[in-house]
Amino acid sequence: MENGAVYNETTEPEAKAPRRRPFGCTLQHLRGWRLPAKVVQAIFSLVAVVCEEIVDDCIYCSGLYFFEFISCSAFLLSLLILCVYCTDMYESLGKEKVQKL
């Protein structure tokens, strides 16, 4: 008696891993006008940091230092948002954690 009809192969063929993009880049979470808005925000905050660094002399520097802090913080946070939403980090953190952040 042949067992070929009774027993089938129990292992499935190995599935191919999904093709990954370089650096895990994806634009599916920032669609439409949101991606260009975040890029423009990052560019403007970088320009603000550069303009602040151009100032050589100031009489009352407390406002300038505050502007430097705000513009540098805005630049770093906008880069962080772009990195989270445009890479695989969004899936690895989870939607709920990203919204809490």
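Everything numeric here is computed off the predicted structure, so don't read it as measured data.

(A) Focus on the layout of surface pockets. Looking at the largest pocket, its volume works out to about 230 Å³. In this structure, the largest pocket is lined by Leu 30, Arg 34, Lys 38, Leu 77, Leu 80, Ile 81, Val 84, Tyr 85, Val 98 and Leu 101. Those elements that provide at least two residues to the lining of the largest pocket are helix H1 (34-54) and helix H2 (62-85). In terms of residues, the lining of the largest pocket owes the most to one element, H2, which gives 5 residues. Looking at the lining of the largest pocket residue by residue, the classes come out as 8 nonpolar, no polar and 2 charged.

(B) Local environment of the packing of aromatic side chains. In total, this model carries 0 aromatic pairs according to the counting rule given. Note that Arg 34 overlies the ring of Tyr 85, its terminal NZ or CZ placed 5.9 Å from the centroid.

(C) Expanded view of the nonpolar core. The biggest cluster of nonpolar side chains holds 8 residues, and these are Leu 30, Ala 42, Leu 82, Val 84, Tyr 85, Cys 86, Tyr 90 and Val 98. With 3 residues, H2 is the largest single contributor of residues to this core. Apart from residues no more than four positions distant in its own chain, Val 84 is found in contact with Met 89, Tyr 90 and Val 98.

(D) Quick peek at the environment of Val 39. Within the secondary structure layout, Val 39 lies in helix H1. Separated by 43 residues in the primary sequence, Val 39 and Leu 82 place their C-alpha atoms 7.8 Å from one another.

(E) Just H1, in detail. Compared with an ideal rise of 1.5 Å per residue, which puts 21 residues at 30 Å, H1 spans 31 Å between its outermost C-alpha atoms and is within 8% of the ideal. Residues Ala 42, Ser 45, Ala 48, Val 49 and Glu 52 constitute the buried set of H1. Each buried residue of H1 sits inside an arc of 120° when the element is viewed along its axis, so together they form one side. Within H1, the exposed residues directed more than 90 degrees away from the buried face are Phe 44 and Ile 54. Considering only its buried residues, H1 is in contact with H2.

Cut-off values and rules
Residues numbered from 1 in each chain as written. Predicted model: local features only at pLDDT ≥ 70, side-chain atom pairs only at ≥ 80, totals over all residues. Heavy atoms only, no water. 1 Å grid on protein atoms, 1.4 Å probe; cavity = no way out; pocket = protein on both sides within 12 Å on 5 of 7 lines; lining within 4 Å. Points joined across faces, edges and corners; volume = space filled by probe spheres on them. Helix = DSSP H or I, 4+ residues; strand = E, 2+ residues; numbered from the N terminus. Nonpolar A, V, L, I, M, F, W, Y, C, P; charged D, E, K, R; others polar. Phe/Tyr/Trp six-rings, centres within 6.5 Å; stacked < 30°, edge-to-face > 60°. Lys NZ or Arg CZ within 6 Å of the ring centre and 35° of its normal. Core = buried A, V, L, I, M, F, W, Y, C linked by side-chain atoms within 4.5 Å. Buried < 20%, exposed > 50% of the residue type's maximum accessible area, 1.4 Å probe, protein only. Contact = heavy atoms within 4.5 Å. Expected span 1.5 Å × (residues − 1). Arc of directions from axis to C-beta.

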